[in-house]
Amino acid sequence: MSTIGLRGPARVVVRQHRLTLWIVAGLALAGIAAVVVTSLWTASASDTFAGTDCSVENTARGCGDTVRHFLDSELRLSRAVGYADLVMWLLPAFIGMFVAGPLIGRELESGTYKVFWTQSLSPARWLAAKLAVPAVLTLAGVSAMSAVSAWAWWRAKTTHYPRDWYEREVYGAMGTVPVGYALLMLALGALAGLLLRRTVSAMVVTVIGYGALVMAMNSVRNGLWPTLTATSRLEDGHRFPEGVAAAGQGWLTSGGERLSADVCRTAADFERCLADKDITLRYLDYHPASHFWPLQLVETGILLALAALAVAVAFRVLRRRHG
């Protein structure tokens, strides 16, 4: 990776880890290229299929191979988008591991940081350089990959194998949330490296921290933005909006009291149970697709605030230990 235009500690950081950075950049570009090529190839197959007299819903004689080829192309796109989403979901953990281990933990463990600190480079400047370089690369790289993921998801949305926007992997691969997670894990990785001063230990703690963070955010996400509520009469069945993220559901009494969805599940006479409890409606709390960006921005704000806090604590730890 070129260091032209970089000076001082930032240039050193890039030179120290240029092989790793080149490998990561190459893998990212290869992944982006694979998703883009697959999407364009699927679009071409769709155009070709549209020019035939064949239909997926009513396959005429002689159209079997044509329909199969078309559906296979759409399935490949769906799988490619799924793999890309999985990579985006795991990427913050790898960023945190890289910062916690090779970037900071290893230098503290081996003592090579002393060489920099004895050459008119303060501990604060050393840490700032260690964070600035991966932060810039993370911001640019993850933003680009998130944009490609969103573009590919939108292309796959009209296929026979669509994925909903609220699925955890899909939601976590698009918008601003991937950048928030990546920057937070960068900060947490730095803090773990400074506190533990051991490469492997810092990397393990960082991964565990990422898992705990994801579980916590998944559990509170529905409450980050006010939900809408839909109701349906008992005789209408489960008639609720499509393409929405369910945040909670249950029963409503005639007085407006909410009851759990399981309240009559084990009753011997289900209908009698509903009548005894004066239940008249079903309800569903949900997020429509229009809530995607409010949820993303609120969650990203929380992640960035935590990242800023982790960075502040890291600098404080460094000052207390090394002045």
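Look above for the structure.
Residues numbered from 1 in each chain as written. Predicted model: local features only at pLDDT ≥ 70, side-chain atom pairs only at ≥ 80, totals over all residues. Heavy atoms only, no water.

Would you mind going over the overall build of the protein with me for this structure?
Helices and strands together make up the secondary structure of the protein, namely 10 helices and 4 strands. Element order for the protein, N to C, with α for helix and β for strand: α-α-α-α-α-α-α-α-β-β-β-α-β-α. The burial tally for the protein puts 42% of its 323 residues in the buried class. For the protein, restricting intrachain contacts to residue pairs at least 6 apart in sequence, the fraction spanning at least 24 positions comes to 78%. Approximately 17,400 Å² of the protein is accessible, and the part contributed by carbon and sulfur atoms is 61%. (Helix = DSSP H or I, 4+ residues; strand = E, 2+ residues; numbered from the N terminus. Buried < 20%, exposed > 50% of the residue type's maximum accessible area, 1.4 Å probe, protein only. Contact = heavy atoms within 4.5 Å. Areas by Shrake-Rupley, 256 points an atom, 1.4 Å probe, with all protein chains shown as cover.)

So what exactly am I meant to see when it comes to the pattern of salt bridges here?
Charged atoms that come close allow side chains of opposite charge to pair. Applying the stated criterion to the full structure yields 7 salt bridges. Between Asp-285 and Arg-258 there is a salt bridge, with its nearest N and O atoms 2.6 Å apart. Of this pair, Asp-285 sits in strand S4 (residues 279-287) while Arg-258 sits in strand S3 (residues 258-260), placing them 27 residues apart in sequence. Residue class for Asp-285 comes out buried when judged on its relative accessible area of 12%. The partner of Arg-272 in a salt bridge is Asp-276, with the nearest N and O atoms 3.4 Å apart. With Arg-272 and Asp-276 both in helix H9 (residues 270-276), this residue pair falls 4 residues apart, about one helical turn. Arg-272 sits in the exposed class, given a relative accessible area of 52%. One network of salt bridges, in which partners are shared, links Asp-85, Arg-163 and Glu-167. (Salt bridge = Lys/Arg side-chain N within 4 Å of Asp/Glu carboxyl O.)

What should I look at first to understand the packing of aromatic side chains in this one?
Taken as a whole and assessed by the stated rule, the structure comprises 9 aromatic pairs. Ring centres of Trp-165 and Tyr-166 lie 5.6 Å apart, and the angle between their planes is 90°; on these two criteria the pair is classed as edge-to-face. A centroid spacing of 5.3 Å and a plane angle of 80° characterise the contact between Phe-292 and Trp-293, whose relative ring orientation is edge-to-face. Its relative accessible area of 10% is what places Phe-292 among the buried residues. Trp-293 gets classed as partly exposed once you look at its relative accessible area, which sits at 46%. Through successive ring pairs, a cluster of aromatic residues spans Trp-165, Tyr-166, Tyr-171, Phe-292 and Trp-293. A cation over a ring is seen here: Arg-258 above Tyr-283, with NZ or CZ 4.1 Å from the ring centre. (Phe/Tyr/Trp six-rings, centres within 6.5 Å; stacked < 30°, edge-to-face > 60°. Lys NZ or Arg CZ within 6 Å of the ring centre and 35° of its normal.)

When you look at the packing of helix H7 (residues 177-196) against helix H8 (residues 199-220) in this model, what are you seeing that I'm missing?
In a pair of packed helices, the angle between the axes and the distance between the axes together describe the arrangement. Packing of H7 against H8 brings their axes to within 9 Å, and their N-to-C directions diverge by 140°. One finds that H7 runs oblique with respect to H8. Taken as a pair, H7 and H8 cross one another with a handedness that is right-handed. Between H7 and H8, the contacting residues are Tyr-181, Leu-184, Met-185, Leu-188, Gly-189, Ala-192, Gly-193 and Leu-196 on the first element and Ser-201, Ala-202, Val-205, Thr-206, Tyr-210, Leu-213, Val-214 and Met-217 on the second. Of the residues belonging to the contact of H7 with H8, the class tally is 12 nonpolar, 4 polar and no charged. (Axes fitted to C-alpha atoms, helices over the stretch in contact; angles between N-to-C directions. Parallel < 35°, antiparallel > 145°, perpendicular 65-115°, else oblique. Left-handed = near helix turned anticlockwise from the far one by under 90°. Nonpolar A, V, L, I, M, F, W, Y, C, P; charged D, E, K, R; others polar.)

How should a nonpolar patch on the surface be read in this particular structure?
On the surface, Leu-86, Trp-89, Leu-90 and Phe-94 cluster together into a nonpolar patch covering about 370 Å² of accessible area. In this fold, Phe-94 is placed in helix H3 (residues 64-110). Judged by its relative accessible area of 52%, Phe-94 falls in the exposed class. (Patch = residues over 30% accessible without salt bridge, like charges linked within 9 Å, V, L, I, M, F, W, Y side chains within 5 Å.)

What am I meant to see in the sheet that holds S4 here?
Two pairing modes exist for strands in a sheet, parallel and antiparallel, and in both the strands are linked by backbone hydrogen bonds. Read from one edge of the open sheet, 4 strands run S1-S4-S2-S3, paired in antiparallel fashion. The open sheet terminates on both sides in strands that have one partner only, identified here as strand S1 (228-233) and S3. On average, adjacent strands in this sheet sit at an angle of 40° to one another, irrespective of strand direction. Two elements, S1 and S4, share 6 bridges in a ladder whose sense is antiparallel. In the sheet register, Arg-233 faces S4, and the bridge partner there is Leu-281. (Pairing = 2+ DSSP bridges.)

Please clarify how the packing of H3 against helix H5 (residues 123-156) should be interpreted in this entry.
In contact at an axis separation of 10 Å, H3 and H5 are set at 175° when each is read in the N-to-C sense. As judged from the angle between their axes, H3 and H5 are roughly antiparallel.

Please clarify how the nonpolar core should be interpreted in this entry.
The tendency in soluble globular proteins is for nonpolar side chains to be buried side by side. Of all hydrophobic cores here, the largest spans 25 residues; its most connected members are Val-99, Ile-104, Leu-127, Val-142 and Leu-194. Mapped onto this core, the elements with two or more residues apiece are H3, H5, H7 and helix H10 (292-322). Of the residues forming this core, the biggest block, 8 residues, is contributed by H3. Setting aside chain neighbours within four positions, we find Leu-194 in contact with Ile-104, Leu-108, Trp-126, Leu-127, Ala-314, Leu-318 and Arg-321. Ala-93, Trp-153, Leu-184 and Leu-303 belong to the second largest nonpolar core, which has 22 residues in total. (Core = buried A, V, L, I, M, F, W, Y, C linked by side-chain atoms within 4.5 Å.)

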